[in-house]
Amino acid sequence: MTRGSRSESSERLATPPLRDELRGIQPYGAPQLDVPVQLNVNENPYPPSAAVVAEIERAVALASRDLNRYPDREFVALREALAAYLGHGVTPAQVWAANGSNEVMLHLLQAFGGPGRLALSFAPTYSMYPEYARDTHTAWEVGHREEDFSLDPERAVTLVRQRRPHVVLLPSPNNPTGTALPHEVIGALCDVLDRGLLVVDEAYAEFRRAGTPSALELLPTYPNLVVTRTMSKAFALAGARVGYLAASAEICDALRVVRLPYHLSAVTQAVARAALRHADELLGAVDRLRTERDETVQWLRGQGFTVAESDANFVLFGTFPDRHAVWQGLLDRGVLIRETGPDGWLRVSIGTTAEMAAFREALSTVMKENPS
Ligand SMILES: *Cc1c(COP(=O)(O)O)cnc(C)c1O
């Protein structure tokens with residue numbers, strides 16, 4: 001090989017033949033910074049207890065004996081456990097699971113989106129949705145929420161009637177605003193979706209306030225309704241990567257076509273089943289976090305901030321002429337929150353009592369230094 005041809009080939013390597021629409025795109029991800037108070041990705045701040053850790057260890061040890069074999073690709077035992085956890089008459093055939101609900105939703109778009117098809121949501125909302133659409137060559141469109149981040153049923157129905165999307169993605173509670181969807185809106189959208197699915201992303205459902213319903217209640221009424229859940233938030237199991245959904249058996253069956261073979265490892269299935277056997281304990285901190293959330297909302301309002309109503313384990317508050325300066329000021333004091341949502345707003349995840357005290361103290365200091 002001559003010098004010239006070598007440099008030509010290294011030039012080729014320097015610019016891999018990426019899809020045009022992916023050039024220059026930054027990969028998704030909140031900063032993973034090692035700071036004392038991490039309130040930026042809505043994790044449960046309480047790790048599993050020693051007893052639950054021991055149970056998970058035992059389950060993984062047992063699964064390890066068969067790691068020369070592929071896992072049960074239909075994850076039947078896990079589906080049974082998830083169906084039992086969900087209740088509402090959901091059967092194992094109506095459950096699907098994957099590596100995080102992100103992968104569950106990617107499966108949905110692989111099967112029900114695609115070239116020539118449209119996915120739709122209402123902004124501000126979860127920033128991953130347009131990425132699933134892009135990665136599956138699904139067209140993407142957003143409608144808009146009202147000033148208080150709720151959905152106006154008439155406006156939403158009008159848009160869906162006009163655009164006839166194949167998939168509508170709607171979190172309830174919504175991220176980053178914390179806004180839950182009333183049954184009335186879900187029902188109206190399912191009725192008007194003549195050829196599409198409504199995916200209600202209930203990643204934060206376990207944190208909802210008393211009186212806020214779950215879309216699971218509507219599954220028997222609407223065959224085009226899908227409800228996704230995750231073990232990453234209330235279940236305190238973000239590191240295990242387990243998400244799931246409940247929908248008609250026909251929808252679940254369709255997802256088997258697009259999943260990669262054996263997508264859920266034997267270790268993941270064992271960890272998830274062990275965690276579900278200890279659901280009460282893992283979910284034990286949820287009430288404490290809900291109380292802490294309501295107190296955080298009260299405190300922020302007392303400080304004069306505008307705060308969105310929240311049914312989740314985070315709170316969106318503002319508004320700041322320079323939100324980045326406030327975010328940076330908090331980070332300089334060891335408190336990491338999230339610069340997300342509409343301009344001027346910030347989102348804080350609910351942590352332990354001590355972490356929330358540190359957040360309040362840091363925010364008070366930053367506001368004194370940056371009066372606006
Ligand atoms: C955190 C979150 C999820 C969960 O993602 P996993 O892949 O299950 O960890 C899903 N939807 C929304 C809106 C979220 O904020």
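Residues numbered from 1 in each chain as written. Predicted model: local features only at pLDDT ≥ 70, side-chain atom pairs only at ≥ 80, totals over all residues. Heavy atoms only, no water.

Next up on the list: the site of the ligand. Around the ligand sit 13 residues, and of these Asp 201, Tyr 204, Thr 230, Ser 232 and Lys 233 come closest. Contact distances for the ligand include 2.7 Å between an oxygen atom and a backbone N or O atom of Ser 101. Here Ser 232 contributes a side-chain N or O atom positioned 2.7 Å from an oxygen atom of the ligand. Summarising the interface, the protein chains cover 94% of the accessible area of the ligand, which totals 390 Å² for the free molecule. The biggest single contributor to the shell around the ligand is helix α4 (residues 101–112), with 3 residues. (Near = heavy atom within 4 Å. Polar contact = N/O pair within 3.5 Å; in protein donor to acceptor, adjacent residues only side chain to side chain. Areas by Shrake-Rupley, 256 points an atom, 1.4 Å probe, with all protein chains shown as cover. Helix = DSSP H or I, 4+ residues; strand = E, 2+ residues; numbered from the N terminus.)

As a further point, take the state of the cysteines. Taken as a whole and assessed by the stated rule, the structure comprises 0 disulfides. The structure places no disulfide on Cys 190, whose sulfur is separated from the nearest cysteine sulfur, that of Cys 252, by 15 Å. On the accessibility criterion, Cys 252 (1% relative accessible area) is buried. (Disulfide = S-S within 2.5 Å. Buried < 20%, exposed > 50% of the residue type's maximum accessible area, 1.4 Å probe, protein only.)

What follows covers the pairing of strand β8 (residues 243–246). Burial along β8 is two-sided: Gly 243 and Leu 245 facing one way and Tyr 244 and Ala 246 facing the other are all buried. The pairing of strand β2 (residues 95–98) with β8 spans 4 bridges and is classified as antiparallel. Directly across from Ala 98, in β8, lies its bridge partner Gly 243. Note: strand β7 (residues 225–230) against β8, 4 bridges, orientation antiparallel. Within β8, the position partnered with Arg 229 by the bridge is Tyr 244. (Pairing = 2+ DSSP bridges.)

Partitioning the protein chain into structural domains gives domain 1 (30–48 + 284–369) and domain 2 (50–277). Each of domain 1 and domain 2 has a C-alpha centre, and these two points are 26 Å apart. Counting from both sides, the interface comprises 23 residues of domain 1 and, opposite them, 23 residues of domain 2. For the pair domain 1 and domain 2, the summed buried surface comes to about 1900 Å²; carbon and sulfur atoms form 57% of the total. Taken as a group, Pro 48, Asp 311 and Phe 314 account for 33% of the area that domain 1 buries against domain 2, more than any other trio of residues on that side. For the interface between domain 1 and domain 2, the tally reads 2 salt bridges. Note that Arg 209 is salt-bridged to Asp 311, the shortest N-O span being 3.2 Å. Going through the elements one at a time, α11 (286–302), β10 (314–318) and β12 (345–349) are the ones with two or more residues in the side of domain 1 that touches domain 2. When residues in the side of domain 1 that touches domain 2 are grouped by element, the largest group, 5 residues, is from α11. Here the side of domain 1 that touches domain 2 is built from residues that sort into 11 nonpolar, 6 polar and 6 charged. (Domains from an automatic or database assignment. Contact = heavy atoms within 4.5 Å. Buried area = accessible area lost by both parts, 1.4 Å probe. Salt bridge = Lys/Arg side-chain N within 4 Å of Asp/Glu carboxyl O. Nonpolar A, V, L, I, M, F, W, Y, C, P; charged D, E, K, R; others polar.)

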